[in-house]
Structure formats: structure tokens, C-alpha cells
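Observations on the model geometry
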Amino acid sequence: MRTEELLELMKSRYTTKHYSGEKIPREKLEALLEVLRLSPSSVNSQPWHFFVASSDEAKAKILPAILDFNRERVTLASDVVVFAVREEIGPEHLKALLEQELADGRYAGLPAGTDYDAGRRHFVDLHQKERRDGFAWETAQAYIAQGFLLMAAAAIGVDSTPIEGADFEMLDRILGLREKGLRSVVAVSLGVRRPNDSNASRPKSRLPREAVVTEIR
Ligand SMILES: Cc1cc2nc3c(=O)[nH]c(=O)nc-3n(C[C@H](O)[C@H](O)[C@H](O)COP(=O)(O)O)c2cc1C
């Protein structure tokens, strides 16, 4: 992608307020789920699980937890992704990560006896035991995946809405997440904009460069 194309994409992507009810092709949804799976996270912790509501039944199931002003952004969207994170990163998850990295050949060539995931355990302990901000830290990772999803959706012509306007405790109850050691933190609707979606033609508004960027000299 050329630099100008990237910037044009950033300017043209926007938060869809009104969907048409049309479905996006399943291959595009699958590609976007793959983008989520491939998203980076601190120490490759991947503390997330993504729940996808595509059918009318599935969307109706989560609807009570969606705040009024966002409801149409769920019912008329094609698919809704709910981002959940672990209540804590425990030994089982650490083991699964390490086994996957070993299977994927990440440690090929390292000397025998290497404590491969010592660095990861250090950061997990730092957040969970010392700073006690483990949940916020994991949520930050989920938001990285959200950013990748929004960008990727725009790149393949899929409209999207990030959604914080939901009752996530209710969503956890509906999806039985606490029993699984998970908590929902944010959601994203994906779909096809209505032709007259008011937000599409509104100018983008951002603070000027000097207000948000400083060169360190
Ligand atoms: C984490 C996050 C949560 C958001 N929650 C909502 C929401 O619940 N409903 C909604 O209509 N827009 C929501 N937005 C959209 C923002 O208002 C929007 O991104 C911002 O105004 C910038 O506009 P743009 O996305 O069109 O560039 C959310 C955005 C982010 C990043």
C-alpha cells in the first residue's frame, strides 16, 4: 500500500451509525477474524477471546446488554464481535502460549535449558501481582486488536462501529463469561452502511498535529 493510500484510508474510515441490514461476505468476516487472531499483544500474551454474533438469533441474544442508542448498530449490522479478556492470566494460559510458540518454531536454535517464557512470566507477574492492574493491562491488549480490526475492515470495504455503549456485566451474564474466567470489555459491529448514513459525510474532526505530536530533541 502506498503512503497516500494509507492516509486516505484513515481519513475515509469512519464510525458507521446506520447500517442497511445487508450481510458482508463470509470470507471477509473470516479474514477479519484472522486479523484479530494475528493482532499483536504485550509479551504475545493474547489474553483475549472473540465472540461473534452473526445470526439474527445471536444478535437478539446480546441485544439487551446494548445501550438504546447503539441497538440499531447491532440489529442491522452484519456481524458483531464481542471482545473478552481473561480475568487473570493463569498457569494454563501461560502453558498454552508456550506450547504454541514451541510448536510454531519460535525457539528453534536456542540452547537446551533456556527458560523460554521467563520474560512473559515477569511481565504477567508485574501486572497481576505487583501493580495489580492485570485486568486493565489485558483490556489494553484487546483494544489493540480492536484498532487492527477497525483498520482492516476499512481496508476491505467493510463498515464498522466500535461499541463501548453496552452493559458489559450484563453481556457477561448473557454469554456466561464469568464461568469461563472471561470478561467482555468492548464490541465492534461490522456491516454495510445505509446509503444516507449521516456520519459518512460529516467531516472528520481531530486535534491538530501540534496538539498531539511532539518531537523529542
Ligand atoms: C473504544 C471506542 C468506543 C466507542 N463506542 C461507541 C459507541 O458505543 N457507539 C458509537 O456510535 N460510537 C462509538 N465510538 C465511536 C467514536 O465516537 C468515534 O470513533 C469518534 O467520534 C471518531 O470518529 P470516527 O470513528 O468516525 O473517525 C467508539 C469509539 C471507540 C474507539
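One structure accompanies this document, and this report is about it.

Calculation rules
- Residues numbered from 1 in each chain as written.
- Predicted model: local features only at pLDDT ≥ 70, side-chain atom pairs only at ≥ 80, totals over all residues.
- Pairing = 2+ DSSP bridges.
- Helix = DSSP H or I, 4+ residues; strand = E, 2+ residues; numbered from the N terminus.
- Axes fitted to C-alpha atoms, helices over the stretch in contact; angles between N-to-C directions.
- Contact = placed C-beta atoms within 7 Å.
- Near = placed C-beta within 6 Å.
- Nonpolar A, V, L, I, M, F, W, Y, C, P; charged D, E, K, R; others polar.
- Core = buried A, V, L, I, M, F, W, Y, C linked by C-beta atoms within 7 Å.
- Buried ≥ 20, exposed ≤ 12 C-beta atoms within 10 Å, placed from the backbone.
- Expected span 1.5 Å × (residues − 1).
- Left-handed = near helix turned anticlockwise from the far one by under 90°.

1. Considering the sheet that holds strand 2 (residues 79-86)
- Pairing is antiparallel across the open sheet formed by 4 strands, whose spatial order is 1-2-4-3. The sheet is open, and its two edges are formed by strand 1 (48-53) and strand 3 (159-163), each paired on a single side. Between one strand and the next, the sheet's axes are offset by a mean angle of 25°, whatever the strand orientation.
- Strands in contact with helix 2 (residues 26-38) are strand 1, strand 2 and strand 4 (182-191); relative to strand 1, the strand with the most contacts, it is inclined by about 165°.

2. Some words on the site of the ligand
- Contacts to the ligand come from Tyr14, Thr15, Lys17, Asn70, Thr161, Pro162, Ile163, Glu164, Gly165, Val186 and Lys204.
- Of the residues forming the shell around the ligand, the biggest block, 3 residues, is contributed by strand 3.
- Taken together, the residues that form the shell around the ligand break down as 4 nonpolar, 4 polar and 3 charged.

3. A look at the nonpolar core
- Counting 32 residues, the largest nonpolar core has Ile62, Val80, Val82, Phe83, Ala84, Leu149 and Ala187 as its most contacted members.
- Looking at this core, the elements that each hand over two or more residues are helix 2, strand 1, strand 2, helix 7 (134-155) and strand 4.
- Excluding residues that lie within four positions of it along the chain, Val82 makes contacts with Phe51, Ile62, Leu171, Ser184 and Ala187.

4. Considering the pairing of strand 2
- Along strand 2, 8 of the 8 residues are buried, which leaves the element largely enclosed by surrounding structure.
- Pairing of strand 2 with strand 4, which is carried by 8 bridges, proceeds in the antiparallel orientation. Residue pairing for strand 4: Phe83 is matched across the bridge by Val186.

5. Details of the environment of Ser205
- The topology assignment puts Ser205 in the loop between helix 9 (198-201) and helix 10 (209-212).
- Separated by 70 residues in sequence, Ser205 and Phe135 place their C-alpha atoms 31 Å apart.

6. As for helix 7
- For helix 7, which comprises 22 residues, the first-to-last C-alpha distance of 32 Å matches the rise-based estimate of 32 Å (1.5 Å per residue) to within 8%.
- All of the buried residues in helix 7 are Gly134, Trp137, Glu138, Gln141, Ala142, Ala145, Gln146, Leu149, Leu150 and Ala153.
- Contact partners of the buried residues in helix 7: helix 2, strand 1, strand 2, helix 6 (118-130), strand 3 and strand 4.

7. Description of the packing of helix 2 against helix 7
- Contact geometry for helix 2 and helix 7: axes closest at 9 Å, N-to-C directions at 145°. Here the hand of the crossing between helix 2 and helix 7 comes out right-handed. Contacts from Leu32, Val35 and Leu36 in helix 2 reach Ala145, Phe148, Leu149, Ala152 and Ala153 in helix 7.
- Class assignment for the residues of the contact of helix 2 with helix 7 results in 8 nonpolar, no polar and no charged.

8. Structural notes on the environment of Ala65
- Tracing the backbone shows Ala65 in the loop between helix 3 (56-62) and helix 4 (72-75).
- With 20 C-beta atoms packed within 10 Å, Ala65 lands in the buried category.
- On a C-alpha basis, the gap between Ala65 and His122 in space is 36 Å, while along the polypeptide they are 57 residues apart.
- Not counting residues up to four positions away in its chain, the partners in contact with Ala65 are Ala166, Asp167, Met170, Leu171 and Ile174.

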